[in-house]
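Working through the structure, step by step
The chain contents come next:
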Amino acid sequence: MRSSLLFSFCMPLLCMPLVPAVSGNHHRSKVLILGAGMSGIKAAQALQSQGMRDFVILEGSNRIGGRLLSAKLKSGHTLNVGSQTVNQGGNWVHGLEGVDGENPIWTLAKTCHLSTKTSDFEDNVYFLEKSGTFVNETSSVLKEAWKSLEAAQDIMDAHKNYSASVSLRDALSDAGWHPTTAVDYAIEWYDYDFEFAVSPEVTSARFARPFSTFWGAEEEMVIDQRGYEHVIECLARQFLSENKTGHINDTRLHLNAIVSEIDYSASEPSVEVTTTDGRVYVSDFVIITFSNGVLQRGNVSFHPALPQQKVDAINKFPLAAYTSIFLKFERKFWSFDHQNVLFVSDKRGYYIHHINYAAFFDNDPNWYVLLITATEELSKQVESQSENATVSQIMEVLRKMYGSDIPSPVDVVVPVWYNNPFFYGTYPTWPNNFTEKEFDDMIASVDGRLYFAGDSLSKKVVGYLQAAYLTGEAAGLCISGVEKSSSQLKRNCPDDLKTSSTSNAMGSDFSVWGILILVTISAF
């Protein structure tokens, strides 16, 4: 039933785009949406679903999709087929169905006919650098390590009510997990760093919840050759017009529009947004979907400044560095068909996790591809050094594992997120010493005119694509309710009608997740 809200039938007049008013470099619309990732596109779709067509979407880059971005791996000279598409940002649909019903991203993926394959993160083989041997999960050293970690996790699950100041490291230690060996640190990285992008020292024990809490533990890897961004493009095509070749050409979508200033100082209910090329956009409401990384850098100036407690909260909530590195080879030099290979060394997290793409494509020779994950400081190092340096380091690891005669890759993709000025990071995670009050300050709207959405702003599932989707939906429905003064829509976001002013504390600001309880109900 949820899909009835996503892709409901519209009467022609309702679905027709409304051309925003333009005078020279000045543009006027009822709502301005900053960013065309999942949050921004879903916010626009939610507005249009309520009959609000007078909006403009500004996107700083030349495409829609945000941190869903694919790349092509070129074929080697011995291969006579086309290139293969891999995803530089998001790679999985995390969770399919659980206590909260069906994951809306899975619903969207099915509606958009996205090709996926099931990931099995227990289908592992480990290379122990010290002994120079491969072992699997049945080996005694792995069994004992996993048994100890899982026992600690059971104790943590039973405890549940940790204070905000308790890190995952503290909680694990109190539960009896004290890693000492390379194997211990490897499986810890696999269970925590790989999931949350940062180490247990940084992550909150109370709020770092896995997606499986709400939508089950199943994960689908996206292998669609249109790229994962196809789901956002598919959603956009439900309400944005396109030309005969399928290119979105709706006048409400403005690409290459880099925002430099947001001025909400006017006494009348309007906001003026200026781009770096001098265009000025005026609207009654603005939905801001910038990443915390962008807001922390101060590249966008606010007039007046955002409330200090909101700024403080944003600055405390990191957007971690996380890099998915792809290497394509002309021949498969690994003999096994496991999905995951872990390099167990004394360097915790050092090019540790390798995904064997051949296992997802029945050993198709065009998919002799390894995806190697780097997190935290290693990810930042990868972005700061040359691609050749990164490949050299990875090949040193692979030659320890498979021998010195293995070939060099025929193509490589090394994404840049942490140093990308449109993002300044890859993955948000709830840090320890960050309270619920601070989270409410971070997500709060300002003066009834500035609204915020994104994958950092879901108290329920920080960091996942469904967080971006649901917070975008909440912002769109909230604004439509405020504008139309509909009693039904007011009930969808009652707290949001009591927004903060720049001179007052933000104790009365809205909680996105208070909204979403009723947003979900409205989908049926």
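As shown above, the structure is provided for reference.
Residues numbered from 1 in each chain as written. Predicted model: local features only at pLDDT ≥ 70, side-chain atom pairs only at ≥ 80, totals over all residues. Heavy atoms only, no water.

1. Some words on unusual backbone geometry
- For the bond running from His 303 to Pro 304, omega is -5°, close enough to zero to count as cis.
- Along the chain, Pro 304 falls in the loop between β17 (301-303) and α11 (308-316).
- In this structure, Glu 376 is a non-glycine residue whose phi angle is positive, near 50°.
- Along the chain, Glu 376 turns up in helix α12 (residues 376-384).
- Judged by its relative accessible area of 21%, Glu 376 falls in the partly exposed class.
- If you check the backbone angles, Tyr 424 has positive phi at about 55° while not being a glycine.
- Tyr 424 gets classed as buried once you look at its relative accessible area, which sits at 14%. (Helix = DSSP H or I, 4+ residues; strand = E, 2+ residues; numbered from the N terminus. Buried < 20%, exposed > 50% of the residue type's maximum accessible area, 1.4 Å probe, protein only.)

2. Quick notes on the state of the cysteines
- What the rule picks out here adds up to one disulfide.
- Disulfide pairing is shown between Cys 112 and Cys 234; the S-S distance is 2.2 Å. Here the S-S torsion is close to -90°, and the disulfide linking Cys 112 with Cys 234 is therefore left-handed. Highlighted residues: Cys 112 in the loop between α4 (104-111) and β9 (116-118) and Cys 234 in helix α9 (residues 230-236), separated in sequence by 122 residues. (Disulfide = S-S within 2.5 Å.)

3. Re the environment of Gly 60
- One can find Gly 60 in the loop between β3 (55-58) and β4 (70-73).
- With relative accessibility at 16%, the residue Gly 60 sits in the buried group.
- Taking C-alpha positions, Gly 60 is 8.5 Å from Ala 36, a pair spaced 24 residues apart along the chain.

4. Details of the sheet that holds strand β6 (residues 92-94)
- Across the sheet, which stays open at both edges, the three strands sit in the order β6-β12-β9 with antiparallel pairing between neighbours. For this open sheet the edge positions go to β6 and β9, each flanked by a neighbour on one side alone. Going from strand to strand, the sheet's axes swing by 30° on average, the running direction of each strand aside.
- Bridge analysis of β6 against strand β12 (residues 219-222) gives three bridges, and the strand direction is antiparallel. For Val 93, the partnering residue across the bridge sits in β12 and is Glu 220. (Pairing = 2+ DSSP bridges. Axes fitted to C-alpha atoms, helices over the stretch in contact; angles between N-to-C directions.)

5. Here's the deal with the sheet that holds strand β20 (residues 340-344)
- Read across the sheet, seven strands follow the order β11-β10-β20-β21-β22-β19-β23 without closing on themselves; strand pairing throughout is mixed. Edge strands, defined here as strands with exactly one partner in the open sheet, are β11 (133-136) and β23 (411-413). Sheet twist, expressed as the average angle between the axes of neighbouring strands with direction ignored, equals 25°.
- Packed onto the sheet, helix α7 (residues 182-196) meets β10 (124-128), β19 (322-328), β20, β21 (353-356) and β22 (369-375) and runs at close to 135° relative to β20. (Contact = heavy atoms within 4.5 Å.)

6. Digging into empty space enclosed by the protein
- This model, assessed by the stated rule, comprises three cavities of 30 Å³ or more.
- Reported here for the second largest cavity is a volume of approximately 40 Å³.
- Together, Ala 182, Tyr 185, Ala 186, Phe 343, Val 344, Ser 345, Lys 347, Arg 348, Gly 349 and Ile 352 line the second largest cavity.
- At the level of elements, α7 and β20 are the ones that each hand at least two residues to the lining of the second largest cavity.
- Counting residues per element, the lining of the second largest cavity draws most heavily on α7, which supplies three residues.
- Here the lining of the second largest cavity is built from residues that sort into six nonpolar, two polar and two charged. (1 Å grid on protein atoms, 1.4 Å probe; cavity = no way out; pocket = protein on both sides within 12 Å on 5 of 7 lines; lining within 4 Å. Points joined across faces, edges and corners; volume = space filled by probe spheres on them. Nonpolar A, V, L, I, M, F, W, Y, C, P; charged D, E, K, R; others polar.)

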